[in-house]
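Structural features, examined
One-letter residues, chain by chain:
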Amino acid sequence: MNDVLARLRALQAGDLPTHGGSTLAYVYDSGLAEADEIGRQALAMFGATNGLDPTVFPSVREFENDLVTHAARLLHGPPGTVGTVTSGGTESILLAVQAARDSRPEVDRPSLVLPSTAHAAFHKAAHYFGVQVVVVDVDPATFRADPEAMAAACDDTTVLVVASAPSYAHGVIDPVPAIAEAAAARDIRCHVDACIGGWILPYLDDCPDFDFVVPGVTSVSVDLHKYAYTPKGASILLHRTAALRRSQFFAHADWPGYTMLNATTQSTKSGAPVAAAWAVVRHIGDEGYRRLAATAVTATRRLAATADGIDGLTVVAEPATTLFAVRTDERADVFTLADELAARGWFVQPQLAFRGQPPSLHFTISAATAARYDDLVAALTASVVAAQQAGPVQVAPELAQAAQGLDPDTLDDAAFDGLLELAGLSAGGNESGVRLPARMAPVNALLNVAPPRLREALLIAFLDRLMRPAPGPG
Ligand SMILES: *Cc1c(COP(=O)(O)O)cnc(C)c1O
């Protein structure tokens, strides 16, 4: 047993740190050791329970109903608001889209109206559920959705309209009241994706109207495993009424086993993340969350202002909550800047060029990062200088041109092997498979000049090769 645990620790040492505030994407750290400990204990206690049947594990049902009650109160759900605890933001969004589609069986080719900044999870939902996507450009100055253009994009096939509070890439809040009003006027559902802002905004003094306080908003998603700082695997999808949720449920009695009865895409559903979320939310409480939200948002606004003042950096949009993106001028590229920050112990996420917008670097600030504010500013300042000294990565013009002309549908496995090698992602030598180079800037710069469909195809080819069993016995 000790050998196995030692191996776990050894493998964990190779991961990005989940605590300490230096990983500015993927993880959220409250900095509260006791909250983490309670979450860990709850995970261990409930790891074997199964939310598949809420009559057999009433504990899990109670956790879930309590969490939904808390979220409904935070997000101004009127009496009658209902919800479901899911495994994450993507599952909450999948279910919102699926429930909307299945509430309109008479629509032959159902569609979804999205601002161009909506999370990729909506595209995944459309792909899974056979729903058409109508993407509407956002205001190019503010990166907020354009409610008139979205209203004009709705037609008889529209089953759902979406707004973000805030959007992941730029951290701005869409004009929810105008979007929801236009949707309601046509009797179309309106979902607010508050996955990343929904546990922050209600705790701020200057909270805008983004949730069920807005008439016409029919569902809201909010992730617990982001700013409720709970262990991974917990999000909530709220519906304004039980009637709106009905089409989300699935039952199947026509087989020889138990009648399957599910509220989520999962059937067997671990009680562990639900119990852990319940325990952490109860432990931190409203006062705790108010403090954590103020700490993270204050640090974010300060950091964005400081970053915007660094010679060579521009903040893309003023952050509404805890996320923002920066761009570089022609003296450096954001990919080299990301590598320089990584070399100094800070992980930030590059965002590739999109619809004429240049690439950017994404910062998600959690409460634990605020405690290391001065370190982060020093690292950012030094990294900008270093990236400018290195200069931007040059992608050979003939390579960039080739990338723009490649049709991913015409490429076979050998072609992908060649492209991955060209991108610096193949393991090289006698080894098969792929690897990540120490410096990602050349890879990112190449992906950046490729059209989105080629990026997708290349990265799928990469993933396909990355996730293979180790060769040989042992
Ligand atoms: C994180 C996020 C999601 C997706 O959530 P996952 O938990 O990663 O599946 C959706 N929308 C927004 C705005 C997000 O920030």
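Owing to the predicted nature of the structure, the values given are computational and were not obtained by experimental measurement. (Residues numbered from 1 in each chain as written. Predicted model: local features only at pLDDT ≥ 70, side-chain atom pairs only at ≥ 80, totals over all residues. Heavy atoms only, no water.)

Moving on to the site of the ligand. Looking at the ligand, there are 13 residues lining it, with Gly 89, Thr 90, Asp 193, His 225 and Lys 226 nearest. One of the backbone nitrogen or oxygen atoms of Gly 89 is found 2.9 Å away from an oxygen atom of the ligand. For the ligand, an oxygen atom lies 2.6 Å from a polar atom in the side chain of Thr 90. Considered on its own, the ligand offers 380 Å² of accessible surface; in the complex 85% of this is hidden by protein. A class-by-class count of the residues in the shell around the ligand yields five nonpolar, five polar and three charged. (Near = heavy atom within 4 Å. Polar contact = N/O pair within 3.5 Å; in protein donor to acceptor, adjacent residues only side chain to side chain. Areas by Shrake-Rupley, 256 points an atom, 1.4 Å probe, with all protein chains shown as cover. Nonpolar A, V, L, I, M, F, W, Y, C, P; charged D, E, K, R; others polar.)

Any covalent bond linking the sulfur atoms of two cysteines counts as a disulfide. This model, assessed by the stated rule, comprises zero disulfides. In this structure Cys 154 is a free cysteine whose sulfur lies 9.4 Å from that of Cys 190, the closest cysteine sulfur available. (Disulfide = S-S within 2.5 Å.)

Before going further, it helps to spend a moment on the domain arrangement of the protein. Bring the parts together and some accessible area is lost; that lost area is often taken as the interface size. Domain annotation of the protein identifies domain 1 (33-282), domain 2 (285-390) and domain 3 (397-466). A C-alpha centroid distance of 34 Å is found between domain 1 and domain 3. (Domains from an automatic or database assignment.)

So, on to helix 12 (residues 373-390). Here helix 12 is 18 residues long and its end C-alpha atoms lie 26 Å apart, about the 26 Å a rise of 1.5 Å per residue gives. For helix 12, every residue scored as buried is listed here: Tyr 373, Leu 376, Val 377, Ala 379, Leu 380, Ser 383, Val 384, Ala 386 and Ala 387. Buried positions along helix 12 lie against helix 9 (272-309), strand 10 (313-315), helix 10 (334-343), strand 13 (360-364) and helix 11 (367-370). Where helix 12 ends, the next residue or the one after it, Gly 391, has phi of about 75°, a positive value. (Helix = DSSP H or I, 4+ residues; strand = E, 2+ residues; numbered from the N terminus. Expected span 1.5 Å × (residues − 1). Buried < 20%, exposed > 50% of the residue type's maximum accessible area, 1.4 Å probe, protein only. Contact = heavy atoms within 4.5 Å.)

Another point: the side chain of Ser 116. Locating Ser 116 in the fold gives a position in the loop between strand 2 (111-115) and helix 5 (120-129). For Ser 116, a relative accessible area of 13% puts it in the buried group. Here the side chain of Ser 116 touches Val 138 through a polar contact of 3.5 Å, landing on its backbone nitrogen. Not counting residues within four places of it along the chain, the set of residues in contact with Ser 116 comprises Val 135, Val 136, Asp 137, Val 138, Phe 354 and Arg 355.

Next up on the list: the packing of aromatic side chains. The geometry of an aromatic ring pair is captured by two quantities: the separation of the ring centres and the angle between the planes. Following the criterion strictly, the structure yields 10 aromatic pairs and no others. Here the aromatic rings of Tyr 28 and Tyr 227 are separated by 5.1 Å at their centres, their planes lie at 75°, and the arrangement is edge-to-face. Taken together, the residues Tyr 28 in the loop between helix 1 (2-13) and helix 2 (33-46) and Tyr 227 in the loop between strand 6 (219-223) and strand 7 (235-239) connect sequence positions 199 residues apart. By relative accessible area, which is 11% here, Tyr 28 ends up buried. Seen in terms of ring centroids, Trp 255 and Tyr 258 are 5.4 Å apart; in terms of plane orientation they differ by 80°. Their pairing is edge-to-face. Judged by relative accessible area, Trp 255 falls into the partly exposed class, the value being 41%. Within the aromatic cluster, the residues linked to one another by ring pairs are Tyr 28, Tyr 227 and Tyr 229. Across the ring face of Tyr 373, the terminal group of Arg 302 is positioned such that the distance to the ring centre comes to 3.9 Å. (Phe/Tyr/Trp six-rings, centres within 6.5 Å; stacked < 30°, edge-to-face > 60°. Lys NZ or Arg CZ within 6 Å of the ring centre and 35° of its normal.)

We now examine the side chain of Thr 49. Considering the arrangement of structural elements, one finds Thr 49 in the loop between helix 2 and helix 3 (58-74). There is a polar contact of 2.7 Å between the side chain of Thr 49 and the backbone oxygen of Phe 46. If sequence neighbours within four positions are ignored, Thr 49 has contacts with Phe 57, Val 60, Lys 269, Ser 270, Gly 271 and Ala 272.

As a further point, take the sheet that holds strand 6. The strand order 1-7-6-5-4-2-3 describes an open sheet built from seven strands, whose pairing is mixed. In the strand order of this sheet, the two ends are held by strand 1 (82-86) and strand 3 (132-136), each with one partner. Each adjacent strand pair in this sheet contributes to an overall mean axis angle of 20°, direction not counted. Pairing of strand 2 with strand 4 (residues 158-164), which is carried by three bridges, proceeds in the parallel orientation. Note on strand 4: the bridge partner recorded for Val 113 is Val 161. Strands in contact with helix 5 are strand 2, strand 3, strand 4 and strand 5 (189-193); relative to strand 2, the strand with the most contacts, it is inclined by about 165°. (Pairing = 2+ DSSP bridges. Axes fitted to C-alpha atoms, helices over the stretch in contact; angles between N-to-C directions.)

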